[in-house]
Amino acid sequence: MHRSSNQSLPMVSVLFVCLGNICRSPTAEAVFRAKAQKRGLEQQLIIDSAGTSHWHQGNPPDKRSQEAAGRRGYNMARLKARQVTSDDFDRFDFILAMDESNYGDLAAMQPPNTRAALHLYLRDFGQHNLHEVPDPYYGGTDGFEQVLDLLESASDSLLDAIEASITKGRS
Ligand code: 4NP
């Protein structure tokens, strides 16, 4: 946890990671940001997303993800895909992997003694029995809705944990 510029409030940084950074992780980023805003925590959070691959570097989120998110009031239009880098492990407090494969790739590239705590997002913060956010890329509309359901509840749990740590840091 770092201090914000006025030195009074702790800052927490969060990076969501999937394979392409066009479906799951940008959705996670948008949902988490909207929920943080609702709690009045956005000023204390640095929120980003990335992909383990470079395949969609510079591209906006998948249209199907944008449409599904838009129906629930989340705007993803300004996000652009990027690939995760080894520097990210020192820039972020939390790195949240969407599936086991992403988690394995991230664990393999994390340099020793870096800042980030690496999590499999749903295993550690999910409220359903699933440990992975299923990849919706090759499926139908239902997959994108399920991604949103899983990410909305996990966002609530992650925000609870961060809010508790910020409150503790204040006292
Ligand atoms: P994401 O989904 O990892 O949730 O962004 C995918 C996006 C693209 C591909 C696979 C998964 N792809 O094969 O290009």
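All values derive from a computational prediction rather than experimental measurement.

Reading the values: rules and limits
- The residue numbers shown here count from 1 along each chain, following its written sequence.
- The predicted nature of this model means local features are confined to residues of pLDDT at least 70 and side-chain atom pairs, given and counted, to a pLDDT of 80 or more, with totals for whole chains, interfaces and linings taken over all residues.
- As a rule here, side-chain values cover all heavy atoms of the structure and leave hydrogens and water aside.
- The numbering of helices and of strands both runs from the N terminus, where a helix is a DSSP run of H or I of at least 4 residues and a strand a run of E of at least 2.
- Burial status follows relative accessibility: with a 1.4 Å probe on protein chains alone, a residue under 20% of its type maximum counts as buried, one over 50% as exposed, and anything between as partly exposed.
- The criterion used for residue contact is that any of the two residues' heavy atoms lie within 4.5 Å.
- Whenever a nitrogen or oxygen atom comes within 3.5 Å of another N or O atom, the pair is scored as a polar contact, on the condition that within protein one atom can donate a hydrogen and the other can accept it, and that pairs from neighbouring residues in sequence are kept only if both atoms are in side chains.
- Being near a molecule or strand, for a residue, means having at least one of its heavy atoms within 4 Å of it.
- Working definition of accessibility: Shrake-Rupley area with a 1.4 Å probe, residue cover restricted to the visible protein chains.
- Residues are grouped as follows: Ala, Val, Leu, Ile, Met, Phe, Trp, Tyr, Cys and Pro are nonpolar; Asp, Glu, Lys and Arg are charged; every other residue, Gly included, is polar.
- Comment: arc refers to directions from the helix axis out to C-beta atoms.
- For this analysis, a salt bridge means a side-chain nitrogen from Lys or Arg found within 4 Å of a carboxyl oxygen belonging to Asp or Glu.

Colleague: Any chance you could break down the environment of arginine 123 for me, citing the residues and the numbers?
Modeller: Looking at where arginine 123 falls in the secondary structure, it is placed in helix H5 (residues 121-125). Overall, arginine 123 belongs to the partly exposed group, its relative accessible area being 36%. Note: C-alpha distance between arginine 123 and asparagine 102 (21 residues apart in sequence) is 13 Å. Arginine 123 has contacts with Tyr103 and His131, leaving out every residue within four places of it along the chain. A polar side-chain atom of arginine 123 sits 3.1 Å from a polar atom in the side chain of aspartate 124.

Colleague: Can you explain the site of the ligand? Please cite residues and give values.
Modeller: Surveying the vicinity of the ligand reveals the residues Cys18, Leu19, Gly20, Asn21, Ile22, Cys23, Arg24, Trp55, His56, Asp135, Tyr137 and Tyr138. One nitrogen or oxygen atom from the main chain of glycine 20 is found 2.8 Å from an oxygen atom belonging to the ligand. Burial of the ligand by the protein chains amounts to 93% of its free accessible area of 360 Å². Of the residues assigned to the shell around the ligand, the class counts are seven nonpolar, three polar and two charged.

Colleague: For the side chain of aspartate 88, give the residues involved together with the corresponding values.
Modeller: Mapped onto the elements of the fold, aspartate 88 is located in helix H3 (residues 88-91). Here the side chain of aspartate 88 touches arginine 82 through a polar contact of 2.9 Å, side chain to side chain.

Colleague: Run through helix H2 (residues 63-71), naming residues and quoting values.
Modeller: Three or more residues of H2 are buried, namely Ser65, Ala68 and Ala69. One side of H2 holds all its buried residues, which, seen down the axis, span an arc of 95 degrees. Residues of H2 that are exposed and point over 90 degrees away from its buried face: Lys63 and Arg71. Where H2 begins, the capping side chain belongs to aspartate 62, and its oxygen is found 2.8 Å from the backbone nitrogen of arginine 64. Of the residues flanking the end of H2, it is glycine 73, one or two places downstream, whose phi is positive at about 90 degrees.

Colleague: Can you explain the pattern of salt bridges? Please cite residues and give values.
Modeller: Counted according to the given criterion, the structure contains 18 salt bridges. Salt-bridge contacts for glutamate 67 lead to lysine 63; the nearest nitrogen and oxygen are separated by 3.8 Å. Here glutamate 67 and its partner lysine 63 are both found in helix H2, four residues apart, which amounts to about one turn of the helix. On the basis of relative accessibility, which here comes to 42%, the residue glutamate 67 falls in the partly exposed class. A salt bridge links aspartate 93 to arginine 115; the nearest nitrogen and oxygen atoms lie 3.0 Å apart. Residue aspartate 93 is found in the loop between H3 and strand E4 (94-97), and its partner arginine 115 is found in the loop between helix H4 (100-109) and strand E5 (117-120); the two are separated by 22 residues along the sequence. The class of arginine 115 is partly exposed, set by a relative accessible area of 28%.

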